[in-house]
Amino acid sequence: MSATAASLEEVKDAVRSIEPGMRLLPVAGATKPALSASGRADVEQLDLSKLSGVLEYDPAELTLTALAGTPVREVEATLAEHHQYLPFDPPLVAAGATLGGVVAAGTSGAGAWRYGGVRDFVIGVRFIDGTGRLIAGGGKVVKNAAGFDLPKLMVGSIGRLGVLVQLSFKVFPRPPATTTLEFAFDSTARAVAAATALARGPVELDALDILPDGRLLARLGGRAETLGSRRTRLAGLVDAAATRHDGEQERALWRDAAELAWAPANSTLVRVGLSTRRIVALDAALGATADLQVRYGIGGTVAWISWPAAVPLDHLDAILHDLALPGMVLLGPPDRPLLGPGTGGAFGARISRALDPNSRFLEV
């Protein structure tokens with residue numbers, strides 16, 4: 001079952017009119033089907049793709065407000081006219097990711113290494129709670145800090161606390177130029193050691209990713225006339241052969257990363273939060289699984305695991321439980337979005353009861 005809402009009032013009506021025993025699941029771009037689809041008979045999808053458009057944009061104040069169903073690529077095009085962007089590199093933009101979906105899934109890409117993730121850039125939210133009320137938190141200006149931090153609460157909420165309808169972000173000037181060095185190692189452990197050293201080193205990096213085969217990508221951003229000397233200094237910090245990427249080749253490299261193009265088709269894509277010191281243990285636990293690939297992004301603080309469809313997801317769930325690592329399924333079968341140990345606990349349950357007392361949204 002599905003319904004469509006193109007306005008705030010239609011979203012309110014959809015929440016208020018859902019039949020007892022049914023659950024509402026917001027969806028817009030559907031780029032993360034494990035979160036936006038459902039095979040359950042008691043779930044009704046609410047299509048927000050028509051709730052779209054940039055409402056306010058102030059290049060001087062570096063702030064933007066848009067409706068939740070707005071495709072990120074439209075926002076990026078608007079920002080590009082003033083040489084600005086969303087520095088946390090939201091994934092799946094070309095596939096059609098929307099602002100609401102990025103916040104609900106809490107997805108950030110390579111640029112979050114230097115600038116912070118989506119939770120650091122969303123400054124205001126408006127959403128409809130389980131009673132059909134419009135709830136507002138944060139504001140449209142960066143310095144607004146009044147009240148409970150609802151914007152951060154909604155990051156990663158995956159439609160379980162309310163239906164996002166409007167979002168405000170702070171934005172940044174885009175670096176005028178970038179360059180990337182690729183270092184080759186014979187193991188993930190050596191790549192992790194190099195990444196750890198670079199993270200503590202004197203050269204400020206825009207992005208730092210560890211690829212499935214032990215390669216390490218380090219991106220620099222800034223004025224074109226300074227990149228050459230910084231690149232030379234960076235190469236001198238790593239005891240490995242370096243390959244330089246510039247121009248369209250470099251853009252394609254990071255675009256493929258953002259679109260998860262490296263993951264084999266029909267695999268289940270799981271995002272796992274961790275730290276660099278946990279990578280070796282996770283890599284060892286995953287190592288015996290055939291046809292599996294894993295990429296460690298944002299300086300090794302997130303693992304993007306491409307899990308083979310032929311292997312039961314219970315196996316990965318058990319690994320994550322053993323290592324006390326939480327995972328979120330983005331691409332793959334619906335109705336099982338979270339793996340590993342649960343998060344939120346009693347506090348999360350209290351928030352859910354306060355915002356959705358009639359259980360109109362899916363349980364976490």
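Just so you know, these numbers come straight off a predicted model, no measurement behind them. (Residues numbered from 1 in each chain as written. Predicted model: local features only at pLDDT ≥ 70, side-chain atom pairs only at ≥ 80, totals over all residues. Heavy atoms only, no water.)

**Describing the overall build of the protein**
Check the secondary structure of the protein and you find twelve helices and 19 strands. A compact globule built from 364 residues would reach a C-alpha radius of gyration of about 21 Å, and the protein, at 21 Å, matches this within 12%. Its C-alpha atoms give the protein principal-axis dimensions of about 65 × 50 × 35 Å. The proportion of buried residues among the 364 residues of the protein is 50%. Look at the contacts in the protein between residues 6 or more apart in sequence, and 67% of them connect residues 24 or more apart. Summing over all exposed atoms, the protein offers an accessible surface of approximately 15,800 Å²; the carbon and sulfur share of this is 52%. (Helix = DSSP H or I, 4+ residues; strand = E, 2+ residues; numbered from the N terminus. Rg over C-alpha atoms; globule rule 2.2 N^0.38 Å. Buried < 20%, exposed > 50% of the residue type's maximum accessible area, 1.4 Å probe, protein only. Contact = heavy atoms within 4.5 Å. Areas by Shrake-Rupley, 256 points an atom, 1.4 Å probe, with all protein chains shown as cover.)

**Section: the sheet that holds strand S9 (residues 163-170)**
Reading across from one edge, S4-S5-S9-S7-S8 is the order of the five strands in this open sheet, with antiparallel pairing throughout. Because the sheet does not close on itself, it has two edges, and the strands there are strand S4 (54-58) and strand S8 (134-138). Taken pair by pair, the neighbouring strands of this sheet meet at an average axis angle of 10°, ignoring direction. When strand S7 (residues 122-128) meets S8, the two strands line up antiparallel, connected through five bridges. The residue bridging Arg126 from the neighbouring strand is Ala136, located in S8. Where helix H3 (residues 72-80) meets the sheet, its contacts fall on S4 and strand S5 (63-67), and the angle it forms with S4 comes to roughly 30°. (Pairing = 2+ DSSP bridges. Axes fitted to C-alpha atoms, helices over the stretch in contact; angles between N-to-C directions.)

**Here we look at the packing of helix H10 (residues 279-286) against helix H11 (residues 313-323)**
Between H10 and H11, whose axes approach to 11 Å, the crossing angle comes to 150°. By the angle between their axes, H10 is roughly antiparallel relative to H11. Of the two possible hands of crossing, H10 and H11 adopt the one that is right-handed. The segment H10 lies against H11, with Ala281, Leu282, Ala285 and Leu286 engaging Leu316, Ile319, Leu320 and Leu323. Grouping the constituent residues of the contact of H10 with H11 by class yields eight nonpolar, no polar and no charged. (Parallel < 35°, antiparallel > 145°, perpendicular 65-115°, else oblique. Left-handed = near helix turned anticlockwise from the far one by under 90°. Nonpolar A, V, L, I, M, F, W, Y, C, P; charged D, E, K, R; others polar.)

**Thoughts on the nonpolar core**
A general tendency of soluble globular proteins is for nonpolar side chains to be buried together. Core analysis: the largest hydrophobic core is formed by 44 residues, its most contacted members being Leu86, Leu164, Leu167 and Phe169. At five residues, the largest contribution of residues to this core is made by helix H4 (residues 99-105). In contact with Leu167, not counting residues within four places along its chain, are Leu64, Thr65, Ala66, Ala68, Leu99, Gly100, Val103, Val122, Gly124 and Val125. In this structure, Ala34, Leu198, Tyr296 and Ala303 belong to the second largest nonpolar core, which totals 40 residues. (Core = buried A, V, L, I, M, F, W, Y, C linked by side-chain atoms within 4.5 Å.)

**With respect to H3**
Those residues of H3 not exposed but buried are Val72, Val75 and Leu79. Buried residues of H3 fall within an arc of 60° about the axis and therefore sit on the same side. Looking at the buried residues of H3, the elements they touch are S4, S5, strand S6 (84-85) and H4. (Arc of directions from axis to C-beta.)

**Description of the sheet that holds strand S3 (residues 43-47)**
Taken together, the three strands give an open sheet; going across it, the order is S1-S3-S2, and neighbouring strands pair in parallel fashion. Bordering the open sheet on either side are strand S1 (2-4) and strand S2 (23-27), each of which pairs with just one other strand. Shown here is a sheet whose adjacent strand axes are inclined to one another by a mean of 30°, direction ignored. Pairing analysis gives three bridges linking S1 to S3, with the strands arranged parallel. From the neighbouring strand, Ser2 faces S3, where its bridge partner is Gln45.

**Description of the side chain of Thr70**
Within the element layout of this structure, Thr70 appears in the loop between S5 and H3. Classification of Thr70 by relative accessible area gives buried; the value is 0%. Reaching out from Thr70, the side chain makes a polar contact with the backbone nitrogen of Gly53 at a distance of 2.8 Å. (Polar contact = N/O pair within 3.5 Å; in protein donor to acceptor, adjacent residues only side chain to side chain.)

**So, the pattern of salt bridges**
Under the defined criterion, the tally for this structure stands at 20 salt bridges. Among the ionic pairs, Arg23 bridges to Glu363, the shortest N-O distance being 3.0 Å. Of the two residues, Arg23 sits in strand S2 while Glu363 sits in the segment after helix H12 (345-355), which places them 340 residues apart along the sequence. Given a relative accessible area of 18%, Arg23 falls into the buried group. With relative accessibility at 42%, the residue Glu363 sits in the partly exposed group. Here Arg133 makes a salt bridge to Asp129, at a shortest N to O gap of 2.5 Å. Since its relative accessible area comes to 43%, Arg133 is described here as partly exposed. The structure contains a network of salt bridges with shared partners spanning Arg23, Arg40, Asp42 and Glu363. (Salt bridge = Lys/Arg side-chain N within 4 Å of Asp/Glu carboxyl O.)

**Some words on the pairing of S3**
The sheet contact formed by S2 and S3 spans five bridges and is parallel. Across the sheet, residue Val27 finds its bridge partner in S3, namely Asp47.

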